[in-house]
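Chains, contacts and geometry: an overview
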Amino acid sequence: MNKILVSSYEQLSDTAAEEVVNQLTKKPDSVLALATGSTPKGMYEKLIERYHEGKVDFGQAYTVNLDEYQGLPAEHLQSYHYYMKKQLFDEVNIASDHIYIPNGLAEDARQECQAYDSLIERLNGIDLMVLGIGRNGHIAFNEPAAWFDCNTHLVRLSESTIQANQRFFSEGEEVPKYAYTMGMKAVMGAKQVLLLAGADKHNILKDALYGRITSALPASILQLHPNLVVICEEKAE
Ligand code: PGA
């Protein structure tokens, strides 16, 4: 594990963006697995800045998002389709047919999950996966559970995740109870994982990186990843 300590969210975002830029410089047709939520927002802003400065080119890149709420259409303001469009895709030269996100409205959940895993395989796996960490230790939407789920699956979100994400939804609007998420096979198969943790993740990050490896704290599996880069604010350490 390579741990990079930074002193501010600004620096976290900048360092994370630099990792993505390096990856795309090294391999322009990289497959990037991308996260949503508040933590990577700054990274996307920095990537857009670098794109405008001519320092990064998304022309050949592929993206596969980690997860999506079940039941939300792509144009819903809280869908991850919408988030990605606004935070990155509308602002850079990524080809629309290189963008993949689970379909929240899929009629057949099992088929959707299998298709997503086949897609990752067809793309020859993920070169760089960007992850945040939930307050309960989830990565993507792999929630604390009795076992590690390998494949893409439909998950019932835990109450703490629903509560944490309620802040993004307007009053009276409910957070979906289910979501599609990549499983641990995709996470552990990624050639490199970039885990981002702001100062608010201090306790859970410590347990994940130095505690027992257990499906009750899904991020703990990352201790076994051969190429893990953690970028965390000093206070998160
Ligand atoms: P956050 O979410 O970046 O909004 O804190 C992280 C996560 O749930 O993975």
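Refer to the structure above for everything that follows.
So, how was this worked out
Residues numbered from 1 in each chain as written. Predicted model: local features only at pLDDT ≥ 70, side-chain atom pairs only at ≥ 80, totals over all residues. Heavy atoms only, no water. Helix = DSSP H or I, 4+ residues; strand = E, 2+ residues; numbered from the N terminus. Rg over C-alpha atoms; globule rule 2.2 N^0.38 Å. Buried < 20%, exposed > 50% of the residue type's maximum accessible area, 1.4 Å probe, protein only. Phe/Tyr/Trp six-rings, centres within 6.5 Å; stacked < 30°, edge-to-face > 60°. Core = buried A, V, L, I, M, F, W, Y, C linked by side-chain atoms within 4.5 Å. Contact = heavy atoms within 4.5 Å. Near = heavy atom within 4 Å. Polar contact = N/O pair within 3.5 Å; in protein donor to acceptor, adjacent residues only side chain to side chain. Nonpolar A, V, L, I, M, F, W, Y, C, P; charged D, E, K, R; others polar. Pairing = 2+ DSSP bridges. Right-handed = clockwise from strand over helix to strand, strands pointing away. Axes fitted to C-alpha atoms, helices over the stretch in contact; angles between N-to-C directions.

A word on the overall build of the chain
Each helix and strand counted, the chain has 7 helices and 10 strands in total. In terms of overall dimensions, the chain is globule-like: its C-alpha atoms have a radius of gyration of 16 Å, near the 18 Å expected for 237 residues. With respect to the three principal axes, the spread of C-alpha positions in the chain is 40 × 40 × 40 Å. Looking at the chain residue by residue over its 237 residues, the buried ones come to 53%.

Section: unusual backbone geometry
Backbone geometry places N124, a non-glycine residue, at a positive phi of 65°. Positive phi values are uncommon outside glycine, yet A140 reaches one of about 50°. With respect to the helices and strands, A140 occurs in the loop between β6 (128–131) and β7 (153–156).

Quick look at the packing of aromatic side chains
In total, this model carries 7 aromatic pairs according to the counting rule given. Summarising the aromatic geometry, the rings of Y69 and Y80 are spaced 4.9 Å apart at their centres and angled 35° between planes, so their arrangement reads as tilted. Of the two residues, Y69 is situated in strand β4 (residues 67–69) and Y80 in helix α3 (residues 80–87); the sequence distance between them amounts to 11 residues. Assessed through its relative accessible area of 9%, Y80 is described here as buried. A ring pair is formed by Y69 and F169, whose centres lie 5.7 Å apart and whose planes are at 75°; its orientation type is edge-to-face. Of the two residues, Y69 sits in strand β4 while F169 sits in the loop between α5 (159–165) and β8 (178–181), which places them 100 residues apart along the sequence. We classify Y69 as buried; its relative accessible area is 1%. The class of F169 is buried, set by a relative accessible area of 7%.

What to know about the nonpolar core
Within the largest apolar cluster, 39 residues are counted, with the highest numbers of intra-cluster contacts made by M43, L47, Y69 and L88. Mapped onto this core, the elements with two or more residues apiece are α1 (9–26), β2 (31–34), α2 (41–52), α3, β6, β9 (192–197) and β10 (228–233). Broken down by element, this core gets its largest block of residues, 6 residues, from α1. Apart from residues lying up to four places away in sequence, L47 is in contact with A17, V20, V21, V56, F58 and L88. Grouped together as the second largest cluster of nonpolar side chains are 34 residues, M129, L205, L222 and C232 included.

What about the site of the ligand?
Around the ligand, the neighbouring residues are G37, S38, T39, G132, I133, G134, R135, H138, R167 and K201. Here an oxygen atom of the ligand sits 2.6 Å away from a polar atom, N or O, in the side chain of H138. Residue composition of the shell around the ligand, grouped by class: 1 nonpolar, 6 polar and 3 charged.

As for the pairing of β7
Strand residues, when the strand is regular, have side chains that alternate between the two faces of the sheet. Burial of β7 is one-sided: the residues H153 and V155 facing one way are buried, the residues L154 and R156 facing the other way are not. Pairing of β7 with β8 involves 4 bridges; the strand directions are antiparallel. Bridge pairing in β8 places L154 opposite Y180.

Quick word on the pairing of strand β3 (residues 62–65)
Where β2 lies against β3, 4 bridges are found, and the strand directions are parallel. Its bridge partner lying in β3, L32 is registered against T63. Tracing the backbone out of β2, into α2 and back to the parallel element β3 gives a crossover that is right-handed. Here β3 pairs with strand β5 (residues 99–100) via 2 bridges, running parallel. Paired with T63 across the two strands is I99, which belongs to β5.

Details of the sheet that holds β7
Strand order in this open sheet of 3 strands is β4-β8-β7, and the pairing throughout is antiparallel. In this open sheet, the two strands that pair with only one neighbour each are β4 and β7. With strand direction ignored, the average angle separating the axes of adjacent strands in the sheet is 30°.

By themselves these figures say nothing about function.
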